[in-house]
Amino acid sequence: MSAAGQGVAAPFDALRSQLQEAATRFADGPDALEGILLGIVDDVDRAVGEPLEIFPVCHHSPASAIAMARRLQEKQPKAIYLELCEDMAPLLPELRNCKLPVAVQAFASEVEGFPLDWAPLSVIAPITEASAEYQAIAYALDTPGVQIVLVDWSSDHVFQWDPRSSEPAPGSENGDGDGDGPDGAGDPAEPSEQAGLHGDAVGVEIGDLRPRFAELEEHLLRHGRVRHWSEWWHQYVETPLGDADHDTYRQVMLLIGSLFRRLAPGDPHRVRVDEDRERYMWTRIREHLTATGTDPADSLYVCGAFHAASRVAEFGVEGADSFGITPRSATKWRHGLIPSSHAAIEAQFGLAPGSVSIAATTWGTNLKRTGVKPFRLEGQAGVKKTAANAKKTAAKSKKAVASAAVPAPVPATAPSDRLSGFLRRPPVLDRLDEAELLGWSVDIVRSARRNGYLASTADAIAVFETSILLAGLRDRAKPTPYDFQDAAVTCIEKDSVPGRRDVRRLVETMMGGDRVGQVGYDALPPLARDVHDRLAPLRLSLDQRGVKRALLDIAGRPELARCSDVLWMLRHLLPAGAARPIMGERELGERSLQESWDLAIGTHQRALIELGYEGVSIEQVLEQRLRRKANNAQATAAVVLEAVEDALLYLGSHRLADELGTRALQVLSAERSVDDAPEVLRRIRRLLAFYRTTEPVLPGWIETFVKTGYAHYCTLLPTAFASDDAGVRQVAAMLGFLFSMESLALSLGCDRSQLELAVAQAHPEGAEKIALLWAARVQLGTLSRADLRDRCEQLLDNPLVVQAYPRYISGLVHALEPVPGLVDFVVEAVSNAFGRLPDSVLLPWLPSLIMALRKSGADLASLLVREAGRVFPARLDVLDAWAAPWKGEAADPAALSRRRAAGRDPGGPLAALLQAYPATCEEVAGLLGCEGEWSVGGGAAQGGLEIVKRYPDVAMALAGLAG
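Reading the values: the criteria
All residue numbers refer to position in the chain's written sequence, counted from 1. Where totals are concerned, whole chains, interfaces and linings use all residues; where local detail is concerned, this predicted model gives features only for residues with pLDDT of at least 70, and gives and counts side-chain atom pairs only at 80 or more. Side-chain measures were taken over the full set of non-hydrogen atoms in the model, leaving aside hydrogen atoms and water. Under the DSSP-based scheme used, a helix requires at least four consecutive residues in state H or I and a strand at least two consecutive residues in state E, with every element numbered from the N terminus. Any N or O atom pair separated by 3.5 Å or less is treated as a polar contact, with the protein-specific requirement of one donor-capable and one acceptor-capable atom, and with residues adjacent in sequence counted only for side-chain atom pairs. When DSSP locates at least two bridges between a pair of strands, those strands are taken to pair. Axes, fitted as lines to C-alpha atoms, cover a helix only where it is in contact. Angles between the N-to-C directions of the axes lie from 0 to 180 degrees. The contact criterion used throughout is that any non-hydrogen atoms of two residues lie within 4.5 Å. By nonpolar core is meant a set of buried Ala, Val, Leu, Ile, Met, Phe, Trp, Tyr and Cys residues that side-chain atoms within 4.5 Å join together. Burial classification: accessible surface area is computed with a 1.4 Å probe over protein chains only, and a residue below 20% of its type maximum counts as buried, one above 50% as exposed, and the rest as partly exposed. The span expected for a helix works out to 1.5 Å for each residue beyond the first. Note on definitions: salt bridges are taken to be side-chain nitrogens of Lys or Arg within 4 Å of carboxyl oxygens of Asp or Glu. Stacked, tilted and edge-to-face are the three classes applied to pairs of Phe, Tyr and Trp rings, where Trp contributes its six-membered ring and a pair requires centres within 6.5 Å; stacked means planes under 30 degrees apart, edge-to-face means over 60, and tilted covers the rest. Each angle receives one of four descriptions, namely roughly parallel if under 35 degrees, roughly antiparallel if over 145, roughly perpendicular if within 65 to 115, and oblique otherwise. When the near helix sits turned anticlockwise from the far one by under a right angle, the crossing is termed left-handed; a clockwise turn instead gives a right-handed crossing. Classification convention: Asp, Glu, Lys, Arg as charged; Ala, Val, Leu, Ile, Met, Phe, Trp, Tyr, Cys, Pro as nonpolar; all other residues, Gly among them, as polar.

Engineer: Hey, could you run me through the side chain of serine 122 in this one?
Structural biologist: As for its placement among the helices and strands, serine 122 is situated in strand β5 (residues 121-127). At a separation of 2.9 Å, a polar atom in the side chain of serine 122 contacts the side chain of glutamine 105.

Given below as structure tokens:
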């Protein structure tokens, strides 16, 4: 029951009466509406009357930061309780070594007590200068005798109490989260690299303040004549509270927090999470007050306005101690600072593009208007300090020490009603805003001209007047940065964008742009500092953003070889672009004498810092990742062999290579698929070549791998030939393994008859695999080259299968992997097709041949080109007199006798047939269009030979009819 209902005088009695009268007038009855309105006033009254002063804030709000700085200077509290993960407290002093904005991060690469697919776990809390939490942290760290206590749940409890689900994430466009959402702020801003600085971390921030009731937000946006929530907040809350007194600020923020809380949908899960957080924080506050004996009157509790209007039983220093905090899981968390940016904050928390940059501009404007001196950490990176400022800082520190010894009493005044006056006060447009708007108009025209727009002074005047006009149309007392942005787009951009950036992006840049933070050297984890120390001989400012070119003359400066090793490991561990080699390469057994690199380590500082959470050196991190990669349940033999190769390539560790090689042997023995056979073949060949050239004997694991692989692939070969799941490339790789490793496998005790039986049991159906089987039989000696040539000629002679000839060629090209000695035969087969087939047959299947070679034989095409260059003449003038080496009869007399026996030779039975029936031959020659007279000379029918040459298929048919 409220104080008014009890008949006790309270500061908000007048406001209660007005709201009760309004509820009775505008509602059907004094039920729900009256309960909500009076309940809001009760929440404000309860929070204001709490002995421990509650300071409600909104995330990244300049008004909250101004009010916080002013209140800290007035009250000078001895203890500050801050809504931030309690396990992040040790990192706060490191903020002075950083350039804001940065984010405090908790990271866990290995999880225990959570699902494995959640790993890695990451929680971040971004901090900007224009935020109330930074003002509180700076005051507490630079003022002696002041304690700052983080009271929010730990990073482990974030995942314990708020598990991931399929529902939309808070603050997303489709969700009803707490953060500002990108709900239609014109054209979306182009994605930037800085937007991904936080990765996929879970964000924890102070002051989640946005309606969770979608209809309420839509109502506020429509009647406020704004496009998104950030614009509404700036117009109706941020600007009026920019210069408000402390009591007014507190009561308005508590009012908004209570309103959004009472109108939130009744989601049991979210309500439980919110209330558990509030119980957690108040429990931690009471524990600290009891343990230290701190007076609540000398303390300050900084939390989001949504949580400040809490109604849980544990609320207040006199609340119930009935909440039990669950223990943390066994997950090992590591903490550090990572760089942040305005775009990263907007992207992660669903804020409108440019809203954080506008907030930074508003922060500077409010400082000039109010004259408030903000708190900054002494020695803060990125803050310019003159000698005068240094003296002022020293004097301020001495004054703080004196005030800490004898605290100045804060007058205890009863809270008064400031809400009624604030809600009735109209905003006022002063001349300072007009001067600022005029400066914006001039600056945007100057920026537009630099980016290719035809803008002039007239456009600056038009932007100024249009901004005021738009503000008037939207019932605003003064133009906001969003009104100015719309006016600039209308007056300058018109209908085209001549450069890379449109006017909307130019306005965002002019308002402060996307500021990117930086973590100082002293705040980096040991691994990151070690990387900078080891790359110091390069003499580059690697902590700066942007791309740096590094030239390494390893032959002239041997000490740079260590830098090269670090860069190659960073290339393997960091995202693409962090370390990109321009010249030089690293392969097994090879090292470059000169290298050139493009380095952007400062741009990818977050990734380097997160490496520091996994180990103390990049060698340790790389070894852990290789082990994790090889021991993964989904790892294949090819993946494990890749890890073996990386261990030798980057670490030079034969011990680790032997360990991972044993794992590769186990994985290969358990595989029942041959999908990765090409990769296995490529990597095992490379490893064998490396060991044979660098070691006196082969390692035991690689000998066992070859022996096991030989038996393994022999067993799977017949099934792979017949299965549609195994492609011709996979089968060719299996044969390549068996044939190339045959000598080593036989020396280790394998039996060649196993391979012969596997090939004999293979019965493929596809043309590619049939040609591949022919090549395997040639390699084994069960099929001669002459027989293979004869089969290819039969394919060309048969009109029913000639359309499939490109597929046979594709199979023969793949056969060059296991049988590279057939390269001359493949060139012969392709040449015969081009020489014998007419254009009507050749042209339709020529694209199929090219596509087959391009799709699956691109890496083997170089062998064909090299062989063709060796066989064919090099000059055009000798082409007419050139004869293919495979055309000579003396080259293969056995094939000539087989052709004569088959009736395809002019001197065979066909000539006798033509001589026996000359009249029939003349008729057939006339029907076929063969010119010339019939003559018999030299024992051969010349006219019949013309038929045979032009129409070999018809001649074969005639020979068949003649018996």
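Engineer: Could you clarify how one ought to interpret unusual backbone geometry in this entry?
Structural biologist: Note: most residues except glycine have negative phi, and most peptide bonds are trans. In this structure, the amide linkage connecting leucine 100 to the following residue, proline 101, adopts the cis form with an omega of 5°. Looking at where proline 101 falls in the secondary structure, it is placed in the loop between β3 (98-99) and β4 (102-108). For the peptide bond that leads from alanine 119 to proline 120, omega is -5°, which places it in the cis range. With respect to the secondary-structure elements, proline 120 resides in the loop between β4 and β5. Phi is positive for arginine 539, close to 60°, though the residue is something other than glycine.

Engineer: Please explain the sheet that holds strand β8 (residues 299-304) as it appears in this structure.
Structural biologist: In a beta sheet, neighbouring strands pair by backbone hydrogen bonds and run either parallel or antiparallel. Read from one edge of the open sheet, four strands run β1-β8-β2-β6, paired in parallel fashion. The outermost strands of the open sheet, each flanked by one partner alone, are β1 (54-57) and β6 (147-152). On average, each strand axis in the sheet is tilted by 30° relative to the strand beside it, whichever way the strands run. Pairing of β1 with β8 involves four bridges; the strand directions are parallel. The residue bridging valine 57 from the neighbouring strand is glycine 304, located in β8.

Engineer: What exactly am I supposed to notice about the sheet that holds strand β11 (residues 548-553) here?
Structural biologist: Here we have three strands laid out as an open sheet, ordered β11-β13-β12, and antiparallel in their pairing. For this open sheet the edge positions go to β11 and β12 (579-583), each flanked by a neighbour on one side alone. The sheet shows a mean angle of 25° between the axes of neighbouring strands, taken without regard to direction. Sheet topology places β11 next to strand β13 (residues 594-599); six bridges connect them, and they run antiparallel. Residue pairing in the sheet places arginine 549 in a bridge with aspartate 598 of β13. Strands in contact with helix α20 (residues 560-573) are β11, β12 and β13; relative to β13, the strand with the most contacts, it is inclined by about 45°.

Engineer: It is not clear to me how the nonpolar core should be interpreted in this structure. Could you clarify?
Structural biologist: Within soluble globular proteins, side chains that are nonpolar tend to cluster in buried spots. Grouped together as the largest cluster of nonpolar side chains are 215 residues, with contacts concentrated most on Leu535, Leu570, Phe705 and Leu717. Looking at which element gives the most residues to this core, the answer is helix α26 (residues 700-722), with eleven residues. Aside from chain neighbours lying at most four places away, what touches leucine 535 is Leu542, Cys563, Val566, Leu567, Leu570 and Ile601. Ranked by size, the runner-up nonpolar core spans 23 residues in total, among them Val445, Phe464, Ala487 and Ala488.

Engineer: In this structure, what is going on with helix α4 (residues 132-142)? I would like to understand it.
Structural biologist: Because an α-helix packs 3.6 residues into every turn, residues spaced three or four apart end up facing the same way. Most of α4 sits out of view: nine of its eleven residues are buried. Those residues of α4 lying buried are Ala132, Glu133, Tyr134, Gln135, Ala136, Ile137, Ala138, Tyr139 and Ala140. The inward-facing, buried residues of α4 contact β1, α3 (62-75), β2 (79-85), β5, β6 and α12 (355-370).

Engineer: Help me understand helix α9 (residues 268-292) in this model?
Structural biologist: The end-to-end C-alpha distance of α9, which contains 25 residues, comes to 36 Å, matching closely the 36 Å that a straight helix rising 1.5 Å per residue would cover. Downstream of α9 by one or two residues, glycine 293 has phi in the positive range, about 70°.

Engineer: Before we go on, may I ask you to explain the pattern of salt bridges in this structure?
Structural biologist: Any two side chains of opposite charge can pair, given that their charged atoms come close. Summed over all chains, the structure comprises 46 salt bridges. Across the salt bridge formed by glutamate 623 and arginine 655, the nearest N and O atoms sit 3.4 Å from each other. With glutamate 623 in helix α22 (residues 618-630) and arginine 655 in helix α24 (residues 654-670), this residue pair connects regions lying 32 residues apart in the sequence. Salt-bridge contacts for glutamate 742 lead to arginine 752; the nearest nitrogen and oxygen are separated by 2.4 Å. Of the two residues, glutamate 742 sits in helix α28 (residues 742-747) while arginine 752 sits in helix α29 (residues 752-760), which places them ten residues apart along the sequence. Judged by its relative accessible area of 27%, arginine 752 is partly exposed. One salt-bridge network, in which partners are shared between bridges, spans Lys629, Glu642, Glu645, Glu679, Arg682, Arg683 and Arg686.

Engineer: Just to check I follow, could you spell out the environment of cysteine 750 for this structure?
Structural biologist: With respect to the helices and strands, the residue cysteine 750 is situated in the loop between α28 and α29. For cysteine 750, a relative accessible area of 15% translates into the label buried. Along the sequence, cysteine 750 and threonine 708 sit 42 residues apart, while their C-alpha atoms lie 9.1 Å from each other.

Engineer: I would appreciate a short explanation of the packing of aromatic side chains in the present structure.
Structural biologist: Pairs of aromatic rings are described using the distance from one ring centre to the other and the angle between the two planes. Following the criterion strictly, the structure yields 15 aromatic pairs and no others. Aromatic pair phenylalanine 107 and tyrosine 613: ring centres 5.3 Å apart, planes at 40°, arrangement tilted. In this pair, phenylalanine 107 sits in strand β4 while tyrosine 613 sits in the loop between α21 (605-612) and α22, placing the two residues 506 residues apart along the sequence. A relative accessible area of 2% means that tyrosine 613 is categorised as buried. Each ring, one from tryptophan 118 and one from phenylalanine 159, has its centre 6.3 Å from the other, and the planes form 45°; the classification is tilted. One end of the pair, tryptophan 118, is in the loop between β4 and β5; the other, phenylalanine 159, is in helix α5 (residues 155-161), with 41 residues separating them in the sequence. For the pair shown, tryptophan 118 and phenylalanine 159 are each scored as buried. Here the aromatic residues Phe114, Trp118, Phe159 and Trp333 are joined through ring pairs into a cluster of three or more.

Engineer: Please clarify how the packing of helix α23 (residues 637-651) against helix α25 (residues 677-694) should be interpreted in this entry.
Structural biologist: How two helices sit against one another is set out by the angle between their axes and by the gap between those axes. In the contact formed by α23 and α25, the axes pass within 9 Å of each other and the chain directions differ by 30°. Here α23 is positioned roughly parallel relative to α25, judged by the angle of their axes. The chirality of how α23 crosses α25 is left-handed. For the pair formed by α23 and α25, the contact residues are Ala637, Ala638, Leu641, Glu642, Val644, Glu645 and Leu648 on the first element and Glu679, Val680, Arg683, Arg686, Leu687, Phe690 and Tyr691 on the second. For the contact of α23 with α25, the residue count by class is nine nonpolar, no polar and five charged.

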